[in-house]
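Per-entry structural report
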Amino acid sequence: MDNTVEHLWALADEAKYQSIAARFLADDNRFDNFCFSTSNLAADFSKQNIDTRVLDALLSWAEQRKLDDKMSAMFSGKKINGTEGRAVLHTVLRAPHGKQKAVLGDVLAEDVEKTDQRMMKLANSLYAGLHQGASGKAITDVIAVGIGGSYYGPKLCHEALKPYHSQAVKVHYLANVDGSALAEKIQSLNPETTLVIVISKTFGTQETLLNAQALKKWFINSGISEAELSDHLIAVTSNTEKAQAFGVAAHHILPMWDWVGGRFSLWSAVGLPVAIAVGFENYRQLRAGAYAIDEHFQTTPFNQNIPVLMALFGIWNCSFLKYSALAVLPYDHSLRVLPGYLQQLDMESNGKQVNVFGQKVSLSTAPIVFGQEGSNGQHAFMQLMHQSDTIVPIDFIVPLKSHSAYDAHHQVLVANCFAQGEALMKGKPLAQAEAELVEEGKSPAQVKALAAHKVMPGNNPSTTIVFDQLTPQVLGSLLALYEHKIFVQGVMWELNSFDQWGVELGKKLGSTVLDLMAGNTNEKLSSSSIGLIDLFKSAHEQ
Ligand code: F6P
């Protein structure tokens with residue numbers, strides 16, 4: 001183990017007994033020293049269990065890992081996704097055209113530019129209610145079918161950018177293979193005025209294909225002919241052959257490139273449903289916000305670099321202080337999809353234990369990411385955070401201004417967010433609990449009986465990300481911030497953050513179980529799975 005990591009372990013042994021509250025008492029300027037901002041947002045790290053010694057050790061570890069070289073390798077298109085032999089260039093999709101040419105070369109940059117033009121034309125005609133279906137009627141509803149990275153990014157933006165939505169077209173999202181999700185979606189839709197966008201990089205994902213097949217049948221059963229179908233079907237995929245075989249016309253297929261990972265693909269034509277809902281200009285603003293963070297990330301010294309600091313403090317918490325979870329708590333109803341989006345972005349990127357050299361990583365890696373919109377979480381899992389012996393680091397995310405007219409509501413929401421961070425950091429020692437009970441007039445016996453139940457250990461670290469108001473640009477910055485945080489953590493853990501071999505086994509066994517249910521194979525599974533399959537079969541024989 002090199003001496004920087006050894007030094008970090010020594011600092012971690014110390015920090016475990018260090019009170020964050022005491023760190024504030026020791027430094028009146030702690031907030032100013034550990035809050036950093038960019039054009040679109042600010043991140044307050046002062047409630048993290050850190051000091052300048054920890055920060056310096058983490059930064060020297062980043063230097064040792066040659067983080068700056070790894071960043072240049074990604075942005076310049078080196079094939080850093082080693083197991084798939086691919087570059088990782090989602091960032092180039094939001095860069096100015098000149099940069100795209102420099103990284104991709106003229107031909108590919110032209111392809112990207114042409115795709116943007118096609119996206120813009122489609123999006124703006126649908127946004128304005130001018131796109132017609134086979135019968136000549138204007139399309140009023142769009143269903144985006146996709147799952148994982150072909151769903152989460154667009155869905156998150158859809159919910160987050162409601163104030164920017166078109167009045168002429170409604171965009172719906174269908175991800176789960178559960179037929180009730182499909183039934184719910186189409187029950188109030190008219191096939192004649194509905195357009196389906198099948199989003200699938202591989203055009204081979206079982207859930208997406210089953211949903212797409214069912215929607216195709218829904219169109220045909222409504223009287224739309226095979227020939228007319230192409231007016232109601234668009235595909236976003238890297239597998240044009242499969243898309244055309246499915247029945248999507250070539251001019252309705254938008255490309256996905258293999259140098260854009262699924263969970264990083266919002267910036268590609270995967271973002272089409274977002275551009276339809278909010279208009280291409282607002283979608284362009286989303287990309288611009290992400291580009292602003294790309295620039296911040298590449299030009300800011302690491303000791304003021306927000307994605308770098310988020311990454312390093314995140315590793316400090318999960319690998320060194322051994323806090324194995326991360327709660328993402330957006331105090332903003334419109335960001336309620338963010339925890340789910342970050343579960344895929346974080347846990348599918350760094351939920352690994354083998355490094356790029358094929359060796360077991362000695363540190364624990366990605367945290368268990370969970371969360372939900374605040375203030376709901378306060379009535380769900382915050383009790384555990386306040387009084388269990390499990391410390392759960394938190395990312396609070398909160399706009400300083402709301403789009404709603406309910407200012408009093410927004411002020412209460414923000415006050416709750418700030419209060420939770422303070423309460424979880426400060427806690428309530430026994431002496432304070434006893435004094436409060438005495439203050440309430442409780443008898444000594446009652447104080448004795450109750451005080452221990454009122455104690456809160458505190459020392460729960462958190463980062464609070466604030467921004468003025470949730471606009472397309474700010475949203476783009478927020479998402480790019482997390483993308484780069486996860487990239488940096490992958491570099492520090494020496495992981496390949498851009499493959500996802502772990503999802504293959506479940507997919508394969510899914511087909512095996514289907515074959516067993518149909519009696520098409522006698523593959524040996526555990527008696528549990530065989531017993532469960534028998535229960536399913538008998539439930540369907542009755
Ligand atoms: O979750 C596994 C995964 O492969 C993701 O990486 C991807 O975003 C998702 O499935 C959907 O894949 P596709 O876009 O190929 O349908």
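In short, a report on the structure.

Conventions we followed
- Sequence order as written defines residue numbering, which begins from 1 separately in each chain.
- Totals for whole chains, interfaces and linings use every residue, but because this is a predicted model, local features are given only for residues with pLDDT of at least 70 and side-chain atom pairs only at 80 or more, for both listing and counting.
- Only hydrogens and water are set aside; all other atoms, that is, all heavy atoms of the structure, feed into the side-chain values.
- Each reported salt bridge corresponds to a side-chain nitrogen of Lys or Arg within 4 Å of a carboxyl oxygen of Asp or Glu.
- Strands here mean DSSP runs of E at least two residues long; helices mean DSSP runs of H or I at least four residues long; both are numbered from the N terminus.
- The classification of residues rests on relative accessible area computed with a 1.4 Å probe and restricted to protein chains. Under 20% of the type maximum is buried, over 50% is exposed, and intermediate values are partly exposed.
- The path from the first strand over the helix to the second decides the hand: if it runs clockwise while the strands point away from the viewer, the crossover is right-handed.
- The near set for a molecule or strand comprises every residue that places at least one heavy atom within 4 Å of it.
- Any pair of nitrogen or oxygen atoms within 3.5 Å is treated as a polar contact; in protein, a donor-acceptor pairing is required on top of that, and neighbouring residues in sequence qualify only through side-chain atoms on both sides.
- A 1.4 Å probe and the Shrake-Rupley method give the accessible areas. Residues count as covered only by the protein chains that appear here.
- Any residue that is not Ala, Val, Leu, Ile, Met, Phe, Trp, Tyr, Cys, Pro, Asp, Glu, Lys or Arg is counted as polar, Gly included; the first ten are nonpolar and the last four charged.
- Any two residues whose heavy atoms approach within 4.5 Å at even a single point are treated as in contact.
- Whether two strands pair depends on DSSP finding at least two bridges between them.
- Here, axes are lines fitted to C-alpha atoms. For helices the fit covers the stretch in contact, and angles between N-to-C directions go from 0 to 180 degrees.
- What a helix is expected to span follows from its residue count: subtract one and scale by 1.5 Å.
- To count as a disulfide, a pair of cysteine sulfur atoms needs to be within 2.5 Å.

What follows is about the pattern of salt bridges. Taken as a whole, this structure holds 21 salt bridges when the rule is applied. Between Lys-137 and Glu-192 there is a salt bridge, with the nearest N and O atoms lying 3.1 Å from each other. Separated by 55 residues along the polypeptide, Lys-137 in the loop between helix H7 (106-127) and strand S3 (141-145) and Glu-192 in the loop between helix H9 (179-186) and strand S5 (194-199) bring together distant segments of the chain. In this structure Glu-192 comes out as partly exposed when scored by relative accessible area, which is 26%. Here the salt bridges do not stand alone but share partners, grouping Glu-14, Arg-23, Asp-51 and Arg-53 into one network.

This paragraph deals with the pairing of strand S4 (residues 170-174). Burial analysis of S4 places 4 of its 5 residues in the buried class, which makes it a mostly covered element. Crossover S3 to S4 through helix H8 (residues 152-160) is right-handed.

Of all residues adjacent to the ligand, which total 14 residues, the nearest are Ser-150, Ser-200, Thr-202, Thr-205 and Glu-348. Separating an oxygen atom of the ligand from a side-chain N or O atom of Thr-205 is a distance of 2.5 Å. When the ligand is considered free in solution it has 390 Å² of accessible area, and contact with the protein chains removes 88% of it. Its residues placed into classes, the shell around the ligand shows 2 nonpolar, 9 polar and 3 charged.

Attention shifts here to H8. Count 3.6 residues to each turn of an α-helix, and residues three or four apart come out pointing the same way. Burial runs high along H8: 8 of the 9 residues are buried. Listed in full, the buried residues belonging to H8 are Gly-153, Pro-154, Lys-155, Leu-156, Cys-157, His-158, Glu-159 and Ala-160. Where H8 is buried, its residues contact S4, helix H12 (272-278), helix H13 (280-299), helix H15 (338-350) and helix H20 (472-493).

With that out of the way, let us pick up the sheet that holds strand S10 (residues 394-399). Across the sheet, 6 strands lie side by side as S1-S2-S11-S10-S8-S9; this open sheet has mixed pairing. Unpaired on one side and paired on the other, strand S1 (35-37) and strand S9 (368-370) mark the two borders of the sheet. Mean inter-strand twist for the sheet, computed between neighbouring axes without regard to direction, equals 15°. With 3 bridges connecting them, strand S8 (residues 325-330) and S9 associate as parallel partners. In the sheet register, Ala-325 faces S9, and the bridge partner there is Ile-368. Packing against the sheet, helix H14 (residues 306-320) makes contact with S1, strand S2 (42-44), S10 and strand S11 (462-467), and its axis sits at approximately 145° to S1. Contacting S8, S9 and S10, H15 crosses the sheet at an angle of about 165° to S9.

What follows is about the environment of Leu-11. In this structure, Leu-11 sits in helix H1 (residues 3-15). In this structure the C-alpha to C-alpha distance between Leu-11 and Phe-320, which are 309 residues apart in sequence, comes to 8.9 Å. The residues touching Leu-11, leaving out its near neighbours within four places in the chain, are Arg-53, Val-54, Ala-57 and Trp-316.

Relative to the 18 Å expected for 13 residues at 1.5 Å per residue, helix H4 (residues 52-64) spans 18 Å between its end C-alpha atoms, a close match to the ideal helical length. Considered for burial, the residues of H4 that qualify are Val-54, Leu-55, Ala-57, Leu-58, Leu-59, Trp-61 and Ala-62. Those residues of H4 hidden inside the fold are in contact with H1, helix H3 (30-34), helix H5 (67-75), H14 and H20. Its side-chain oxygen at 3.0 Å from the backbone nitrogen of Arg-53, Asp-51 defines the N-terminal cap of H4. Lys-66, located one to two residues past H4, shows a positive phi value of around 50°.

On to the state of the cysteines, then. Under the counting rule described, the total for this entry stands at 0 disulfides. A disulfide-free cysteine, Cys-35 has its sulfur positioned 13 Å from the sulfur of Cys-417, the nearest such atom.

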